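What follows is each chain in one-letter form.
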Amino acid sequence: MRPVPFLAIPVLLVLAGCYNAPDAAKAGPAGGPAALVGAPAQSFDVRRTDGAIDGLAQHRGSVILLNLWASWCPPCQAEMPALEQFSREERGRVVVLGADQGESAGVASAYAKAHGVTFPILVDEGQHYGNTYAAAGLPTTIVVGRDGHVLTGIDGALSLAQMRAAVAPALK
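The model shown is predicted, which means the values in this text are computed figures rather than measured ones.

## Let's talk about the packing of aromatic side chains
Each pair of aromatic rings is reported with the distance of its centres and the angle of its planes.
At step 1: Tallied over the entire structure, the rule returns three aromatic pairs.
At step 2: Summarising the aromatic geometry, the rings of Phe-44 and Tyr-129 are spaced 5.2 Å apart at their centres and angled 90° between planes, so their arrangement reads as edge-to-face. Here Phe-44 is found in the loop between helix 1 (8–17) and strand 1 (46–47), whereas its partner Tyr-129 is found in helix 4 (residues 128–132), with 85 residues between them in sequence.
At step 3: Ring geometry for Trp-69 against Tyr-111: centres 5.3 Å apart, planes inclined by 40°, an arrangement best described as tilted.

Okay, structure coming up:
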């Protein structure tokens, strides 16, 4: 039996931490973030990459799309352009917040700047949002209605069309 190369272990851990669900829009109600539908949205005050304190509570009364991500996650990287486009299209109607999970403000800020991200990035080093919203992997998206309750929770990367579909009921 050949020994596993030392580098293979960290690579496997990274890949286990994020995934791209085959059909993220059809996440089942059995567990994960979809199980929180109807529950009050929990909020945590964390720093944004610009240094301001922010959290879901500061945006009550608005439709919120919260995206949990990390710079090392390939599906998160693939999803980011659609998330940025969605943010620009829905500015004024939907508050888009990115919550970087477990990384420093410097890493999250550098990634956002390099990729033209203009929506606020919460630096959730303690992964409060990921743990609370039962993220089974990254990315995970939570839509919160104007009343402060979770409308949907989806594990896996979303397309622009899936983002639009996820918030559509909240905008009626």
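## A closer look at the side chain of Thr-152
At step 1: With respect to the secondary-structure elements, Thr-152 resides in strand 7 (residues 150–155).
At step 2: Under the relative-accessibility criterion, Thr-152 is labelled buried at 19%.
At step 3: Ignoring sequence-local partners within four residues, the contact set of Thr-152 consists of Val-37, Thr-141, Ile-142, Val-143 and Ala-166.

## Overview of the environment of Ala-105
At step 1: In this fold, Ala-105 is placed in helix 3 (residues 105–114).
At step 2: Residues Ala-105 and Thr-49, 56 residues apart in the sequence, show an inter-C-alpha distance of 5.4 Å.
At step 3: Once you skip the residues sitting within four places of it in the chain, Ala-105 turns out to touch Thr-49 and Val-123.

## So, the nonpolar core
At step 1: With 44 residues, the main nonpolar core has Leu-56, Leu-65, Leu-66, Phe-86, Val-94, Tyr-129 and Tyr-133 as its most contacted residues.
At step 2: Mapped onto this core, the elements with two or more residues apiece are strand 3 (63–69), helix 2 (74–90), strand 4 (94–101), helix 3, strand 5 (121–124), strand 6 (140–144), strand 7 and helix 5 (160–171).
At step 3: Other than its neighbours up to four places away in sequence, Leu-66 contacts Leu-56, Leu-97, Ala-99, Leu-122, Tyr-129, Tyr-133, Thr-140, Thr-141 and Ile-142.

## A closer look at the sheet that holds strand 4
At step 1: Within the open sheet, the five strands sit side by side as 5-4-3-6-7. Their pairing is mixed. Each end of this open sheet is capped by a strand with a single partner; those strands are strand 5 and strand 7. Sheet twist, expressed as the average angle between the axes of neighbouring strands with direction ignored, equals 20°.
At step 2: Where strand 3 meets strand 6, five bridges bridge the pair, whose relative direction is antiparallel. Bridge pairing links Leu-66 to Ile-142 in strand 6.
At step 3: Contacting strand 3, strand 4 and strand 5, helix 3 runs over the sheet at an angle of about 155° to strand 5.

## A short note on the environment of Asp-147
At step 1: Among the secondary structure elements, Asp-147 is positioned in the loop between strand 6 and strand 7.
At step 2: Exposure remark for Asp-147: the relative accessible area of 54% places this residue in the exposed category.
At step 3: Separated by 84 residues in sequence, Asp-147 and Val-63 have C-alpha atoms that sit 8.5 Å apart.

## A closer look at the pattern of salt bridges
At step 1: Scanning all chains against the criterion turns up five salt bridges.
At step 2: Of the charged contacts in the structure, one is a salt bridge between Asp-54 and Arg-48, with a shortest N-O distance of 3.1 Å.
At step 3: A residue is classified by how much of its surface remains accessible, and Asp-54, at 2% relative accessible area, is buried.
At step 4: Arg-93 is the partner of Glu-90 in a salt bridge, and the nearest nitrogen-oxygen pair spans 2.8 Å.
At step 5: Using a relative accessible area of 11% as the deciding quantity, one classes Glu-90 as buried.
At step 6: One salt-bridge network, held together by shared partners, links Arg-48, Asp-50 and Asp-54.

Quick notes on the rules
- Residues numbered from 1 in each chain as written.
- Predicted model: local features only at pLDDT ≥ 70, side-chain atom pairs only at ≥ 80, totals over all residues.
- Heavy atoms only, no water.
- Phe/Tyr/Trp six-rings, centres within 6.5 Å; stacked < 30°, edge-to-face > 60°.
- Helix = DSSP H or I, 4+ residues; strand = E, 2+ residues; numbered from the N terminus.
- Buried < 20%, exposed > 50% of the residue type's maximum accessible area, 1.4 Å probe, protein only.
- Contact = heavy atoms within 4.5 Å.
- Core = buried A, V, L, I, M, F, W, Y, C linked by side-chain atoms within 4.5 Å.
- Pairing = 2+ DSSP bridges.
- Axes fitted to C-alpha atoms, helices over the stretch in contact; angles between N-to-C directions.
- Salt bridge = Lys/Arg side-chain N within 4 Å of Asp/Glu carboxyl O.

Purely geometric numbers; function is a separate question.
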